[in-house]
Amino acid sequence: MQITHNQQVEFDEFSRACDLVEGYFGETVDDVALHAPVSRRQLVAVLARAQLSGRQRAIEGLTENGEVVYQSNDETLLWLDGGFWNDMRGRHHLEPDEGRAAREVHRRLIEALDGDVSYYNRERDPFVLIERFDPYE
């Protein structure tokens, strides 16, 4: 499956990424999709693409482009500099509403831990890199 013009993944890898974001973000996806002009299915697909791209960028030093809010063996929550979501919209040919909805899912999760820090919302991009997640643990 072609994710971007230079990134290709197997369909089962993309499917696992969709399952991962559905399990991890859970009700937040439902809440955002309810009020956004994108469907839940679209939003899950966008979040899965962001995870796959985020993993690639993590290899290149994702944490060097921002501030780590929280990190564990399972996840890394970051405020990123450098227009991460603008890059995702361009790289994946996302509609503006898709990018805004995906950004909102990440922002809500980070702000739940970091508090409501509205100045970050303008200057930095929220991103949660899911390393692994088992909803049955």
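Our structure's up above, just so we're on the same page.
Now for a look at the structure at hand. The structure presented is a predicted model; accordingly, all values stated were derived computationally and were not measured.

1. A short note on unusual backbone geometry
Here's step 1: A positive phi is found at H93, a non-glycine position, where the angle reads about 55°.
Here's step 2: On the basis of relative accessible area, H93 is assigned to the exposed category, the value being 70%.

2. A short note on helix α1 (residues 11–25)
Here's step 1: Taking 1.5 Å of rise per residue, the 15 residues of α1 would be expected to cover 21 Å, and the 21 Å separating its terminal C-alpha atoms lies within 8% of that figure.
Here's step 2: Of all the residues in α1, the buried ones are F14, A17, C18, L20, V21, Y24 and F25. Within α1, the buried residues cover an arc of 160° as seen down the axis, which keeps them to one side.
Here's step 3: Positive backbone phi, at 45°, marks G26, one or two positions downstream of α1.

3. Topic: the packing of aromatic side chains
Here's step 1: One pass over the structure, following the stated rule, counts 4 aromatic pairs.
Here's step 2: Judged by centre distance (5.2 Å) and plane angle (85°), the ring pair of F84 and W85 falls under edge-to-face.
Here's step 3: An aromatic cluster of at least three residues, connected via ring pairs, comprises F84, W85 and F127.

4. What about the sheet that holds strand β3 (residues 66–71)?
Here's step 1: Within the open sheet, the 3 strands sit side by side as β3-β4-β5. Their pairing is antiparallel. Edge positions in the open sheet fall to β3 and β5 (125–130), since each of these has one partner strand only. Going across the sheet, the axis of each strand differs from the next one's by a mean of 20°, ignoring polarity.
Here's step 2: Here strand β4 (residues 75–80) pairs with β5 via 6 bridges, running antiparallel. Across the sheet, the residue bridging to L77 is V128, located in β5.
Here's step 3: Strands in contact with α1 are β4 and β5; relative to β5, the strand with the most contacts, it is inclined by about 110°.
Here's step 4: Against the sheet, helix α5 (residues 96–114) makes contact with β3, β4 and β5, and its axis sits at roughly 85° relative to β5, the strand it touches most.

5. With respect to the nonpolar core
Here's step 1: Counting residues in hydrophobic clusters, the biggest one holds 37 residues, and the most contacted among them are F25, L43, L47 and F127.
Here's step 2: For this core, the secondary structure elements donating two or more residues are α1, α2 (27–35), α3 (40–59), β4, α4 (84–92), α5 and β5.
Here's step 3: Setting aside residues no more than four positions away along its own chain, L47 makes contact with V21, F25, V29, A102, V105 and H106.

6. Details of the packing of α2 against α5
Here's step 1: Where α2 meets α5, the closest approach of the two axes is 10 Å, and the angle between their N-to-C directions is 135°. With respect to α5, the axis of α2 lies oblique. As α2 packs across α5, the resulting crossing turns out to be right-handed. For the pair α2 and α5, the contacting residues are T28, V29, D31 and V32 in the first and A101, E104, V105 and R108 in the second.
Here's step 2: Residue classes in the contact of α2 with α5 are distributed as 4 nonpolar, 1 polar and 3 charged.

Parameters at a glance
- Residues numbered from 1 in each chain as written.
- Predicted model: local features only at pLDDT ≥ 70, side-chain atom pairs only at ≥ 80, totals over all residues.
- Heavy atoms only, no water.
- Buried < 20%, exposed > 50% of the residue type's maximum accessible area, 1.4 Å probe, protein only.
- Helix = DSSP H or I, 4+ residues; strand = E, 2+ residues; numbered from the N terminus.
- Expected span 1.5 Å × (residues − 1).
- Arc of directions from axis to C-beta.
- Phe/Tyr/Trp six-rings, centres within 6.5 Å; stacked < 30°, edge-to-face > 60°.
- Pairing = 2+ DSSP bridges.
- Axes fitted to C-alpha atoms, helices over the stretch in contact; angles between N-to-C directions.
- Contact = heavy atoms within 4.5 Å.
- Core = buried A, V, L, I, M, F, W, Y, C linked by side-chain atoms within 4.5 Å.
- Parallel < 35°, antiparallel > 145°, perpendicular 65-115°, else oblique.
- Left-handed = near helix turned anticlockwise from the far one by under 90°.
- Nonpolar A, V, L, I, M, F, W, Y, C, P; charged D, E, K, R; others polar.

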